[in-house]
Amino acid sequence: MLYKEAVKIIKNSKKLVAFTGAGISLESGIPTFRGKDGLWNKYDPLILDIDYFKANPKESWQKIKEIFYDFMIDSKPNFAHEYLAFLENKGILKAVITQNIDGLHQVAGNKNVIEFHGTTKKLVCLGCGIKYKSEEISLDSLPPVCDKCGSILKPDFVFFKEPIPGNAYRKSYKLVKEADALLIIGTTGEIMPASEFPYLCKGKFIEINPEISKYTQIKTDIFLQEKATVATKKLKEFFMP
Ligand code: APR
Ligand code: ZN
């Protein structure tokens, strides 16, 4: 039985790491990027291109505010996020490496979260580099500017053509290399360099996704073809002695 086998791997792991993508937050009301209702079907990914943003800050910010602030701001963690916090509290899950920028893993209670693509929860000044908490900055007039130097503020997440934060890169590399099991939830496995990290893991792969991803045929040992909340509820049920 797939779930029993998955729980056995999870319980016996010494270095379990979770690797999550947009799919884990879909049931919190946050759309994925790809797939039938994906954001990139409605919005041009150009708004997240760093050169375009710097040349058209107001226009980019209008769309960014709509997608990542107005819409996301009231999202709450779902059972899948809470399940990962449960595993961390049990001392089983060592870290979550997430491609998501919604901060929901931390709200659910996970402490060791590596935000590979940064976060919407902070804004960074393009002039002096100072960071602000997003909730402290009004987005009534766009683009928001730095109190200190007057330069434009940018969400502190990775735009296309921007580098991955060095710290996140190094920590993720080490964690995945040393992991004896990976729990992959809700990602197509298409976007590099994030998508390359799971291949570094020599341990067992448990994948949760209602659809096949790039990993499923190549790396996945146990494929739980379900929505994240459904699969994690079953994993929790089997977890209990
Ligand atoms: N539960 C789990 N997975 C789901 C669910 C669900 N309820 N619904 C959809 N999915 C899966 C889809 O099948 C798909 O594989 O979530 C995945 C979402 O894919 P993407 O939208 O491509 O998200 P992700 O893989 O995280 O994208 C990676 O691309 O645009 C960049 O920076 C952005 O971090 C993002 C990166
Ligand atoms: Zn500044």
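Structure: above.
All of these numbers come straight from a predicted model, not from anything done at the bench.

**Q** Just checking my understanding: could you explain the sheet that holds strand S3 (residues 113-115) for this structure?
**A** With parallel pairing, 6 strands are arranged side by side in an open sheet as S3-S2-S1-S7-S8-S9. At either end of the open sheet lies a strand with only one pairing partner, and these are S3 and strand S9 (222-224). Neighbour to neighbour, the strand axes of the sheet diverge by 15° on average, direction disregarded. In the packing of helix H1 (residues 2-12) onto the sheet, contacts are made with strand S1 (16-20), strand S7 (181-185), strand S8 (204-208) and S9, and the angle to S9 comes to roughly 120°.

**Q** It is not clear to me how the pairing of strand S6 (residues 153-157) should be interpreted in this structure. Could you clarify?
**A** Regular strands show a simple pattern: their side chains alternate between the two faces of the sheet. The buried count for S6 comes to 5 of 5 residues, which makes it a mostly enclosed element. Two strands pair when backbone bridges link them, and strand S4 (residues 118-125) and S6 are joined in this way by 4 bridges, in the antiparallel orientation. Residue pairing in the sheet places Gly118 in a bridge with Phe157 of S6.

**Q** Teacher, can you tell me more about the packing of aromatic side chains here?
**A** To describe a pair of aromatic rings, you give the distance between the ring centres and the angle between the ring planes. Using the criterion set out here, one finds 14 aromatic pairs in the structure. Their ring planes at 35° and their centres at 5.9 Å tell us that Trp61 and Tyr69 sit as a pair that is tilted. Across the pair, Tyr69 and Trp61 agree in class, each one buried. Note on Tyr199 and Tyr215: the rings are 5.3 Å apart at their centroids and 50° apart in plane angle, and the pair reads as tilted.

Each value, and the rule that gives it
- Residues numbered from 1 in each chain as written.
- Chains lettered and ligands numbered in written order.
- Predicted model: local features only at pLDDT ≥ 70, side-chain atom pairs only at ≥ 80, totals over all residues.
- Heavy atoms only, no water.
- Pairing = 2+ DSSP bridges.
- Helix = DSSP H or I, 4+ residues; strand = E, 2+ residues; numbered from the N terminus.
- Axes fitted to C-alpha atoms, helices over the stretch in contact; angles between N-to-C directions.
- Contact = heavy atoms within 4.5 Å.
- Buried < 20%, exposed > 50% of the residue type's maximum accessible area, 1.4 Å probe, protein only.
- Phe/Tyr/Trp six-rings, centres within 6.5 Å; stacked < 30°, edge-to-face > 60°.

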